[in-house]
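Per-entry structural report
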Amino acid sequence: MINEFKAYHGAAFAELIDESSVPITLFRPDLSNNAIYILNDSIGLFVKHSTKRISPWRFSFQIDHVKSVAKLTQKHEVVFMVLICGRNSIAVINIEEIKTLLSLGKPEASWVSVKTSHNTMLTVEGSAGSLKRKIRKSQPFSQVKEILEK
């Protein structure tokens, strides 16, 4: 039987591969942590999924999750949080936006919520603040693609 997280993460990575025009390498440095991946030896990805079918999707971050994100940002200059919202959409959030949503300097139990708006955009807010921009549902990995193509 396929683990639930592998099914959801695999779908997100298939989207990433489809959007990329360059070869991709991807690995999990710690097999006991199914949230952290390293893309092309330099980009940190912190991945969470929700099985909920409709908006809003709420992602809980225990203290050790927040510490893992903070540690990832210390090891890698480029980090993205990938939030898989059921079978509906994927929100890809860059490091500056992560810092808006979560208190990385003082890790505490936190949350991030993703809501769909008018079926084309996502609104993201967290326990530490909200994103000023809305995220497009189409081509969720466009920021990652730009970095990979440089």
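The text that follows walks through the structure, step by step, so that each part is easy to find. What you see is a predicted model; the values in this text were computed from it and never measured.

Re the overall build of the protein chain
For the protein chain, the count of helices and strands is four helices and ten strands. Reading the protein chain from its N terminus to its C terminus gives the helix and strand order α-β-β-β-β-α-β-β-α-β-β-β-β-α. At 14 Å, the protein chain has a C-alpha radius of gyration in line with the 15 Å of a compact globule built from 150 residues. Oriented by its inertia axes, the alpha-carbon framework of the protein chain measures out at about 40 × 35 × 35 Å. Counting across all 150 residues of the protein chain, residues that qualify as buried make up 43%. Sequence separation of 24 or more characterises 57% of the internal contacts of the protein chain that already satisfy a separation of 6 or more. Carbon and sulfur atoms provide 50% of the accessible area of the protein chain, an area that totals close to 8300 Å². The protein chain carries 20 positive and 14 negative side-chain charges, and their two centres are separated by 6 Å.

As for unusual backbone geometry
Backbone torsion omega between Ser55 and Pro56 reads -5°, so that peptide bond is classified as cis. Relative to the assigned elements, Pro56 resides in the loop between strand E3 (43-50) and strand E4 (57-61). For Asn40, which is not glycine, the phi dihedral falls at a positive 50°. Looking at the element boundaries, Asn40 is found in the loop between strand E2 (36-39) and E3.

Overview of the side chain of Ser89
Tracing the chain through its elements places Ser89 in strand E6 (residues 89-94). Under the relative-accessibility criterion, Ser89 is labelled buried at 6%. Looking at Ser89, its side chain comes within polar contact range of the side chain of Asn88, at 3.1 Å. Setting aside anything within four residues of it in sequence, one finds Ser89 in contact with Trp57, Leu83, Ile84, Leu122 and Lys137.

With respect to the environment of Phe13
Secondary-structure assignment places Phe13 in helix H1 (residues 4-19). C-alpha separation for the pair Phe13 and Leu26, spaced 13 residues apart in sequence, amounts to 9.1 Å. Setting aside its immediate chain neighbours within four residues, Phe13 contacts Leu26, Tyr37, Leu45 and Val47.

What counts and how
- Residues numbered from 1 in each chain as written.
- Predicted model: local features only at pLDDT ≥ 70, side-chain atom pairs only at ≥ 80, totals over all residues.
- Heavy atoms only, no water.
- Helix = DSSP H or I, 4+ residues; strand = E, 2+ residues; numbered from the N terminus.
- Rg over C-alpha atoms; globule rule 2.2 N^0.38 Å.
- Buried < 20%, exposed > 50% of the residue type's maximum accessible area, 1.4 Å probe, protein only.
- Contact = heavy atoms within 4.5 Å.
- Areas by Shrake-Rupley, 256 points an atom, 1.4 Å probe, with all protein chains shown as cover.
- Lys, Arg positive; Asp, Glu negative; His and termini not counted.
- Charge placed at Lys NZ, Arg CZ, Asp CG, Glu CD.
- Polar contact = N/O pair within 3.5 Å; in protein donor to acceptor, adjacent residues only side chain to side chain.

These results come straight from atomic positions and should not be treated as a statement about function.
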